[in-house]
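Next come the chains, spelled out residue by residue.
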Amino acid sequence: MPHHAVLRPSSTSTKLRVVFDASAKSSSGTSLNDLLMVGPPVQDSLFAILLRFRLCPYVLSSDLSKMYRQIRIDPDHSSFQRIFWREKPTDPLKVYGLSTVTYGTASAPFLATRTLVQLAEDEQKEFPIGAKLLKESFYVDDCLCGFETFPVLTKISSFRKLQRVFGFVLRFVDNCRRKDNRVVSDHLTIGELRRSLKALVRLAQHTSSIGSDFKRMERGDPCKQVQSLNPFIEDGVIRVGGRIQKSNLLTRPSIR
């Protein structure tokens with residue numbers, strides 16, 4: 001299969017994506033896509049997912065990173081996904097068989113989404129909430145879900161756990177720097193959790209596509225990505241304001 005690179009500098013996860021042309025004709029006059037079945041849709045329509053998403057006071061959005069590359073195909077079928085590859089233009093060509101679902105093949109969307117459905121059926125006893133989300137709230141690899149209560153949302157998110165772990169890491173660093181040899185080993189305080197949250201947000205911003213905006217804002221230059229949100233820097237974190245206050249959104253109780 002012919003393949004080429006697609007550059008997306010603005011992407012935070014996959015800046016370079018390889019696209020395969022399974023519709024290219026072979027010497028027989030047919031392509032791989034001519035011989036593959038597309039498969040029926042197995043997920044709810046995007047319209048239905050968006051409707052459910054807008055009904056709930058607490059919502060969450062996420063996506064599966066590199067979903068196609070995480071799903072293996074039958075080893076006997078990898079020979080139909082052969083590609084040429086070499087590290088340098090002077091190296092001899094090598095032939096590889098792709099072992100995972102490949103973007104560009106006609107059956108890829110069905111294979112990937114059907115795998116999610118099967119995963120939900122296999123694990124619904126162990127993870128009932130997650131299985132329900134896989135079946136009802138995913139459109140290809142994107143998840144849009146909502147809940148009536150906030151505690152249910154925290155059950156499917158690992159962010160609170162990450163915040164606590166990072167808080168203990170910061171405390172460990174503080175203990176190592178203490179000159180009085182006093183070691184703090186109690187539960188995390190509210191101040192430590194807030195410090196951990198701020199550090200995680202700062203890390204996420206500096207390593208994302210808006211990381212370059214810090215230098216622009218420090219120089220007083222406009223930031224095209226977030227300029228409409230009236231951004232400002234506070235404690236090393238880019239904050240925004242003004243847009244939500246001027247919107248027509250219904251007010252909801254704040255989460256503390």
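Use the structure listed above.
Described below are features of the structure shown in this document.

## Here we look at unusual backbone geometry
Part 1 of the reasoning: Phi at Lys66 is positive, roughly 50°, even though this residue is not glycine.
Part 2 of the reasoning: Phi at Val140 takes a positive value of approximately 60°, unusual for a residue other than glycine.
Part 3 of the reasoning: Mapped onto the secondary structure, Val140 falls in the loop between strand 6 (138–139) and strand 7 (142–147).

## A few points about helix 4 (residues 128–136)
Part 1 of the reasoning: For helix 4, the full list of buried residues reads Ala131, Leu133 and Leu134. Looking straight down helix 4, one finds that the buried residues subtend no more than 160° of arc, so they occupy a single side.
Part 2 of the reasoning: For helix 4, the secondary structure elements touched by its buried residues are helix 3 (108–123), strand 6 and strand 7.

## Overview of the packing of aromatic side chains
Each aromatic ring pair is characterised by the separation of its centres together with the angle its planes make.
Part 1 of the reasoning: Applying the stated criterion across every chain, the model contains one aromatic pair.
Part 2 of the reasoning: Ring geometry for Tyr68 and Tyr103: centres 6.0 Å apart, planes at 35°, overall tilted. With a gap of 35 residues between them, Tyr68 in the loop between strand 3 (58–63) and strand 4 (82–85) and Tyr103 in the loop between strand 5 (94–97) and helix 3 connect regions that are remote in the sequence.
Part 3 of the reasoning: A relative accessible area of 13% places Tyr68 in the buried class.

## Some points on the layout of surface pockets
Part 1 of the reasoning: Considered as a void within the structure, the largest pocket measures approximately 760 Å³ in volume.
Part 2 of the reasoning: Residue lining of the largest pocket: 21 residues in total, with Thr14, Arg17, Leu64, Lys66 and Asp141 positioned closest to the centre.
Part 3 of the reasoning: The element that contributes the greatest number of residues to the lining of the largest pocket is strand 2 (residues 16–20), accounting for four residues.
Part 4 of the reasoning: When the residues that make up the lining of the largest pocket are grouped by side-chain class, the tally is nine nonpolar, five polar and seven charged.

Thresholds, definitions, all that
Residues numbered from 1 in each chain as written. Predicted model: local features only at pLDDT ≥ 70, side-chain atom pairs only at ≥ 80, totals over all residues. Heavy atoms only, no water. Helix = DSSP H or I, 4+ residues; strand = E, 2+ residues; numbered from the N terminus. Buried < 20%, exposed > 50% of the residue type's maximum accessible area, 1.4 Å probe, protein only. Arc of directions from axis to C-beta. Contact = heavy atoms within 4.5 Å. Phe/Tyr/Trp six-rings, centres within 6.5 Å; stacked < 30°, edge-to-face > 60°. 1 Å grid on protein atoms, 1.4 Å probe; cavity = no way out; pocket = protein on both sides within 12 Å on 5 of 7 lines; lining within 4 Å. Points joined across faces, edges and corners; volume = space filled by probe spheres on them. Nonpolar A, V, L, I, M, F, W, Y, C, P; charged D, E, K, R; others polar.

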